[in-house]
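Observations on chain architecture
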Amino acid sequence: MNPRATVIGWPVAHSRSPLIHSFWLRSLRLSGSYGKAAVAPEELATYLGQLSHAGIVGGNVTVPHKEAAAVLCHHLGETARRLGAVNTLWLEDGRLCGDNTDGLGFLAALDQDSPGWEGGGGCALVLGAGGAARAIVDALLARGMARVVVANRSLERAEKLAALLGDRRVQAVDLRTAESEARGADLLVNTTSAGMAGQDRLDFSLAALPDRAVVDDIVYVPRDTPLLREATARGLRTVGGLGMLLHQAVPGFERWFGVRPEVTPALRAMIEADIAGSA
Ligand code: ATR
């Protein structure tokens with residue numbers, strides 16, 4: 001049997017999931033394949049309804065389908081149910097199932113790249129309130145953070161995120177007044193697209209962060225974002241976004257191909273070379 005998986009997006013050309021999964025298939029000497037499917041929003045339901053007929057065992061879902069795909073699943077894992085969004089799909093007895101591994105990927109990357117970071121009991125300041133922030137705040141709460149401050153340009157969106165998760169440890173603030181929140185933060189996470197190649201730089205000073213703080217930027221192009229450079233200049237520990245991209249892929253691969261893969265330096269180097277080549 002040659003299991004086939006695919007990433008579904010619109011557009012999807014930018015996705016590095018095929019590179020990641022094909023690397024693991026090759027290095028683990030497994031038979032199977034992982035492709036890309038450009039699926040327009042109005043075709044998503046039909047496409048997902050025919051997955052098993054097309055011989056596909058599952059796959060990843062990326063922008064803009066994460067929420068719509070969650071609605072189309074027969075069964076959702078607990079995380080996906082809380083977040084209302086999926087990034088990983090699989091079939092069980094022909095029925096479409098989904099879960100969200102973005103938060104797991106975020107934590108695994110943080111654990112791998114900044115061992116000993118202040119997990120339970122600390123305070124996190126999360127910049128941004130989009131889909132990625134939702135998964136990350138949820139994961140930080142599950143990890144036992146005592147307080148998670150969500151700072152967003154649009155305060156209303158941060159408040160919506162806090163309301164969705166319904167946990168009193170979450171506080172929504174305006175990004176413009178959030179620098180003072182940095183004083184008590186053990187972890188600062190940028191989930192906004194600011195700092196990404198071709199986008200505005202993030203207008204946020206790290207000056208008030210304590211020396212123990214870890215700065216995590218989930219942007220991975222460029223690898224060295226302005227925020228990470230500022231953190232390094234201050235002598236703070238940093239975590240880049242590539243690890244989250246790689247680690248979120250692990251549970252899906254294990255489900256479709258039956259072996260739990262590892263995030264190795266060789267995998268990182270291969271993706272970094274691809275990013276450098278397409279810059
Ligand atoms: P994703 O699903 O990747 O999280 P998204 O849902 O489009 O993406 O969310 C993007 C986030 O980046 C939002 O929090 C957005 O802030 P608004 O909700 O106020 O729009 C934030 N963002 C994008 N560009 C930004 C910038 N230049 N400065 C600050 N925040 C920015």
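The structure under discussion appears in the preceding block.
The following refers to the structure shown. Because the structure is a prediction, the values reported are computed rather than measured.

What counts, and where the lines are drawn
Here the residue numbers are simple positions, counted from 1 along each chain's written sequence. It should be noted that, the model being predicted, local features are given only for residues of pLDDT at least 70 and side-chain atom pairs only at 80 or more, the latter also being counted only at that level, while totals for whole chains, interfaces and linings use all residues. Side-chain calculation: all heavy atoms of the structure are included, whereas hydrogens and water are not. Helical segments are the DSSP runs of H or I of at least four residues, strand segments are the runs of E of at least two, and each set is numbered from the N terminus. Only the C-alpha atoms count toward the radius of gyration. The rule for a globule is 2.2 Å times the residue count to the power 0.38. Burial classes follow relative accessibility: with a 1.4 Å probe on protein chains only, a residue under 20% of its type's maximum area counts as buried, one over 50% as exposed, and anything between as partly exposed. We call two residues in contact when some of their heavy atoms are within 4.5 Å. For the accessible areas, the method is Shrake-Rupley and the probe is 1.4 Å, while residue cover comes only from the protein chains on display. Charge convention: Lys and Arg are scored as positive, Asp and Glu as negative, and His as well as the terminal groups of each chain are ignored. Here the site of a charge means atom NZ of a Lys, CZ of an Arg, CG of an Asp or CD of a Glu. With a 1 Å grid laid over protein atoms only, a set of points is called a cavity when a 1.4 Å probe fits there but cannot get out and a pocket when it is open yet has protein on both sides within 12 Å along at least five of seven lines; lining residues have an atom within 4 Å of a point. Grid points are joined across faces, edges and corners, and a volume is the space filled by probe spheres set on the points. Nonpolar core, defined: a set of buried Ala, Val, Leu, Ile, Met, Phe, Trp, Tyr and Cys residues in which side-chain atoms within 4.5 Å join the residues together. Near, as used in this document, describes a residue that has one of its heavy atoms within 4 Å of the molecule or strand being considered. For this analysis, a polar contact is any N or O atom pair within 3.5 Å, provided that within protein one partner can donate a hydrogen and the other can accept it, and provided that sequence-adjacent residues contribute only side-chain to side-chain pairs. Under the convention adopted here, Pro, Cys and the residues Ala, Val, Leu, Ile, Met, Phe, Trp and Tyr are nonpolar, Asp, Glu, Lys and Arg are charged, and Gly plus all remaining residues are polar. Every angle, taken between N-to-C directions, lies between 0 and 180 degrees, and every axis is a line fitted to C-alpha atoms, over only the stretch in contact when it is a helix. Orientation is classified from the angle alone, with under 35 degrees giving roughly parallel, over 145 giving roughly antiparallel, 65 to 115 giving roughly perpendicular, and any other angle giving oblique. Should the near helix be turned counterclockwise from the far one by less than a right angle, the crossing is left-handed, whereas a clockwise turn marks it as right-handed. Expected helix span is taken as 1.5 Å per residue step, with the number of steps being one fewer than the number of residues. The rule for a salt bridge is simple: a side-chain nitrogen of Lys or Arg has to be within 4 Å of a carboxyl oxygen of Asp or Glu. Strand pairing is defined by DSSP finding a minimum of two bridges between the two strands. With the strands pointing away from the viewer, any crossover whose connection runs clockwise from the first strand over the helix to the second is right-handed.

Regarding the overall build of the protein chain
- Counting secondary structure elements, the protein chain contains 11 helices and 12 strands.
- Over its C-alpha atoms the protein chain spans a radius of gyration of 19 Å, differing by no more than 12% from the 19 Å that the globule rule assigns to 279 residues.
- For the protein chain, the spread of C-alpha atoms along the three principal axes comes to 55 × 40 × 35 Å.
- Here the protein chain, with 279 residues, has 51% of them falling under the buried criterion.
- A sequence separation of at least 24 residues applies to 67% of the contacts in the protein chain between residues at least 6 apart.
- Summed over its atoms, the accessible surface of the protein chain is roughly 12900 Å², and 51% of this surface lies on carbon and sulfur atoms.
- Across the protein chain, the mean location of the 28 positive side-chain charges is 2 Å away from that of the 30 negative side-chain charges.

Examining the layout of surface pockets
- Here the second largest pocket is characterised by a volume of approximately 190 Å³.
- Lining the second largest pocket are 14 residues; nearest its centre among them are Arg223, Leu228, Val239, Gly240 and Glu272.
- Sorting the residues of the lining of the second largest pocket by element identifies β12 (237–239), α9 (242–247) and α11 (265–278) as the ones contributing at least two each.

Some points on the nonpolar core
- In this structure, Phe106, Trp117, Val137, Leu140, Val148 and Leu187 are the most contacted members of the largest nonpolar core, which totals 29 residues.
- Mapped by element, the contributors of at least two residues to this core are α5 (102–113), β7 (123–127), α6 (131–142), β8 (147–152), α7 (155–165) and β10 (187–190).
- Of all the elements, α6 adds the most residues to this core, at 7 residues.
- Setting aside chain neighbours within four positions, we find Trp117 in contact with Leu107, Leu110, Asp111, Leu140, Arg143, Met145, Leu187, Val214 and Arg237.
- Membership of the second largest hydrophobic core comes to 22 residues, among which are Tyr34, Leu246, Val263 and Ile275.

Here we look at the site of the ligand
- In the region of the ligand, 14 residues are neighbours, and Ala129, Asn152, Arg153, Ser154 and Arg157 sit closest.
- Contact between the ligand and Arg157: an oxygen atom at 2.9 Å from a side-chain N or O atom of the residue.
- Notes on the ligand: free accessible area 650 Å², of which the protein chains cover 70%.
- By residue class, the composition of the shell around the ligand is 4 nonpolar, 7 polar and 3 charged.

Let's talk about the packing of helix α1 (residues 17–27) against helix α10 (residues 250–257)
- Where α1 contacts α10, the axes come no closer than 11 Å and their chain directions differ by 50°. Between α1 and α10, the angle is such that the two are oblique. Both α1 and α10 take part in a crossing whose hand is right-handed. Only Val250, Phe253, Trp256 and Phe257 of α10 make contact with α1, whose side of the interface consists of His21, Trp24 and Leu25.

Things to note about α6
- The end-to-end C-alpha separation of α6 is 17 Å, in line with the 16 Å expected for 12 residues at 1.5 Å each.
- Residues Ala133, Arg134, Ala135, Ile136, Val137, Asp138, Ala139, Leu140 and Leu141 constitute the buried set of α6.
- Downstream of α6 by one or two residues, Gly144 has phi in the positive range, about 90°.

Quick look at the pattern of salt bridges
- This structure, assessed with the given rule, holds 15 salt bridges.
- Among the ionic pairs, Lys66 bridges to Asp102, the shortest N-O distance being 2.9 Å. Of this pair, Lys66 sits in helix α3 (residues 66–72) while Asp102 sits in helix α5, and the two are 36 residues apart along the sequence.

Some remarks on the sheet that holds β12
- Ordered by their spatial adjacency, 6 strands build an open sheet running β9-β8-β7-β10-β11-β12, and the pairing between neighbours is parallel. The sheet is open, and its two edges are formed by β9 (170–174) and β12, each paired on a single side. Here the strands of the sheet are splayed against their neighbours by 20° on average, with no regard to which way each runs.
- The sheet strands contacting α5 are β10, β11 (214–217) and β12, and the helix crosses β12 at an angle near 140°.
- In the packing of helix α8 (residues 226–233) onto the sheet, the strands contacted are β10, β11 and β12, and the crossing angle to β11 comes to about 165°.

A short note on the pairing of strand β1 (residues 4–9)
- By the criterion of burial, β1 is predominantly enclosed, with 5 of the 6 residues buried.
- One ladder, built from 6 bridges, connects β1 with strand β2 (residues 33–38); its direction is parallel. Its bridge partner being in β2, Ala5 is matched across the sheet by Tyr34.
- The parallel pair β1 and β2, bridged by α1, forms a crossover whose chirality is right-handed.
- Both β1 and strand β3 (residues 56–61) contribute to a ladder of 5 bridges, which runs parallel. Bridge pairing in β3 links Arg4 to Ile56.

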